[in-house]
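# A structural walkthrough
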Protein chains: 2
Amino acid sequence: MKADAESPGDVVASPIGTADIPQIANIELLFFAYRAFTGDPDRILTRFGFGRAHHRALFFVSRRPGMTVAELITILGITKQSLSRVLRQLIQSGHIRQITGRSDRRQRHLYPTKAGHELILELSQPQSRRIADALHACGLADSEAVSCFMQAMIDADDRKLLDAIATATG
Amino acid sequence: MKADAESPGDVVASPIGTADIPQIANIELLFFAYRAFTGDPDRILTRFGFGRAHHRALFFVSRRPGMTVAELITILGITKQSLSRVLRQLIQSGHIRQITGRSDRRQRHLYPTKAGHELILELSQPQSRRIADALHACGLADSEAVSCFMQAMIDADDRKLLDAIATATG
DNA sequence: AAAAATATGTCAGTACTATTGACATATTTT
DNA sequence: AAAATATGTCAATAGTACTGACATATTTTT
């Protein structure tokens, strides 16, 4: 149990800094920024007995109503087994509804209900406000620099998925 | 089991957009950007049987060597029980070392070992490169706009924690 | 028409990260 | 000596993810 010592041995005592990792400060900032960003909705989700996975599913379904289960799985980057429970709960709670495909009756098209629509708005509002406030505080009202940066951070294949959403959404 | 329907009922068929949530596009971008950002180290961590929690712990210990367990808990925003297993594994694997406090012998000061130092560099390099590339692609070499934005996203109390790290790190 | 492929769903088992609550030990402060 | 603090551990629970196996309905291919 005594994995502990009185004297430094092998130890590295100097902090890693910009000399080691040029973007270390931004790495750190991104960690904290994302935590703040997800913290707002987390508090709301607790009221419904939901977690972040529910939020993400509802978000993308609301962003692209009528998407199939397979499309949602691709965007979320999880397995159907992982999505299964989350989706079942969102359907049972009346936030998402499945509609059998007209042309292909194997498919299930996903739509937010009115309740689901209201919930995603409630979850998104504090996030939107936080982003808008941050942009404003830095004099970046048009958000072009930040949007470009975030887009450039994303892998090519994920950017394709995003384009598909943007196309459907306008 | 038939939570599914042939006809739309209560359903909201129009996608949420900028009219509903002004920053909806940036919310979406941030989700994908962060996923890409964490994806790089995730692949490396698997080799060691570690997860993201190990990465975060090692990151902050390396960023501020000599920090106590209590300080690490505060920064990570988790309970000591959650940290316990992760820290024990990092100590057993020889990536972090504990040194009993000289003035207060109850405290355990945490340091990365040489192995820990090398691992955090390996984990941080792809993240740093990704950020640097994204900044460069958007002509934001000095990263001022992006850094300001991320800092402004963070809650006041977390920003204090960050300042403490920055002060120690220079 | 039969066979293969596809879309979805479910069950079982496992892993990682987190929680709360209770309790233990060593050390410092009062 | 008593109280507070820093750390650590055990047990139980929850949320999110995974793999593998199997089932059903439907569509496509042969």
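The structure reproduced in this document is the subject of the present report.

## Description of the overall build of chain A
- Looking only at helices and strands, chain A has seven helices and four strands in total.
- Secondary structure elements of chain A, listed N to C terminal, follow the sequence β-α-α-β-α-α-β-β-α-α-α.
- Taken over C-alpha atoms, the radius of gyration comes to 21 Å for chain A, far larger than the 15 Å a tight globule of 170 residues would show.
- The principal-axis extent of the C-alpha atoms belonging to chain A is close to 70 × 50 × 35 Å.
- Out of the 170 residues belonging to chain A, those deemed buried represent 51%.
- Considering only residue pairs separated by 6 or more positions, chain A has 53% of its internal contacts joining residues 24 or more positions apart.
- Carbon and sulfur atoms provide 51% of the accessible area of chain A, an area that totals close to 8,300 Å².

## Let's talk about the interface of chain A and chain B
- Taken residue by residue, the interface counts 85 residues in chain A and 85 residues in chain B.
- Across the chain A/chain B interface, buried area totals approximately 8,400 Å², and carbon plus sulfur atoms make up 67% of it.
- Taken together, the connections running from chain A to chain B amount to six salt bridges.
- With its nearest N and O atoms 3.1 Å apart, the salt bridge here joins Arg35 of chain A to Asp158 of chain B.
- Along the contact surface separating chain A from chain B lie 24 residue pairs in polar contact (both at pLDDT 80 or more).
- For the side of chain A that touches chain B, the residue count by class is 50 nonpolar, 20 polar and 15 charged.
- By the bridge criterion, two bridges tie strand S1 (residues 4-5) of chain A to strand S3 (residues 96-100) of chain B in an arrangement that is parallel.

## Quick look at the pattern of salt bridges
- In this structure the tally under the stated criterion is 16 salt bridges over all chains.
- For Asp42 of chain A, the salt bridge is made with Arg52 of chain A, and the minimal N-O distance between the two is 2.8 Å. With a gap of ten residues between them, Asp42 of chain A in helix H1 (residues 24-48) and Arg52 of chain A in helix H2 (residues 52-63) connect regions that are remote in the sequence.
- When the shortest N-O distance is used, the salt bridge between Asp155 of chain B and Arg130 of chain A registers 3.2 Å.

## Topic: the state of the cysteines
- Going through the model one piece at a time under the given rule, you end up with two disulfides over all chains.
- What pairs with Cys148 of chain A in a disulfide is Cys138 of chain B, and their sulfur atoms sit 2.1 Å apart. Taking the sign of the torsion about the S-S bond as the criterion, the disulfide between Cys148 of chain A and Cys138 of chain B, at about -90°, is left-handed. On the criterion of chain membership, the pair formed by Cys148 of chain A in helix H6 (residues 144-153) and Cys138 of chain B in the loop between helix H5 (114-137) and helix H6 (144-153) is interchain, its members lying in two chains.

## Digging into the nonpolar core
- Phe60, Leu72 and Phe149 of chain A together with Phe60, Leu72 and Phe149 of chain B are the most contacted members of the largest nonpolar core, which has 96 residues in total.
- Discounting residues that sit within four places of it in the chain, Phe60 of chain A has contacts with Met67, Leu72, Ile75, Leu76 and Ile165 of chain A together with Glu28, Phe31 and Phe32 of chain B.

## Considerations on the protein's contact with DNA strand C
- Around DNA strand C, a shell composed of 27 residues is seen, among which Lys80 and Arg106 of chain A together with Gly51, Arg56 and Ser82 of chain B lie nearest.
- Of what DNA strand C places within 4 Å of the protein, 60% of the atoms are sugar or phosphate.
- For DNA strand C, a phosphate oxygen lies 2.7 Å from a polar atom in the side chain of Gln98 of chain A.
- Ala53 of chain B places a main-chain nitrogen or oxygen 3.2 Å from a phosphate oxygen of DNA strand C.
- Elements supplying a minimum of two residues to the surface near DNA strand C: helix H3 (69-76) and helix H4 (80-92) of chain A together with helix H2 (52-63) and helix H4 (80-92) of chain B.
- Here the surface near DNA strand C is composed, by residue class, of five nonpolar, twelve polar and ten charged.

Definitions and limits used
Residues numbered from 1 in each chain as written. Chains lettered and ligands numbered in written order. Predicted model: local features only at pLDDT ≥ 70, side-chain atom pairs only at ≥ 80, totals over all residues. Heavy atoms only, no water. Helix = DSSP H or I, 4+ residues; strand = E, 2+ residues; numbered from the N terminus. Rg over C-alpha atoms; globule rule 2.2 N^0.38 Å. Buried < 20%, exposed > 50% of the residue type's maximum accessible area, 1.4 Å probe, protein only. Contact = heavy atoms within 4.5 Å. Areas by Shrake-Rupley, 256 points an atom, 1.4 Å probe, with all protein chains shown as cover. Buried area = accessible area lost by both parts, 1.4 Å probe. Salt bridge = Lys/Arg side-chain N within 4 Å of Asp/Glu carboxyl O. Polar contact = N/O pair within 3.5 Å; in protein donor to acceptor, adjacent residues only side chain to side chain. Nonpolar A, V, L, I, M, F, W, Y, C, P; charged D, E, K, R; others polar. Pairing = 2+ DSSP bridges. Disulfide = S-S within 2.5 Å. Core = buried A, V, L, I, M, F, W, Y, C linked by side-chain atoms within 4.5 Å. Near = heavy atom within 4 Å.

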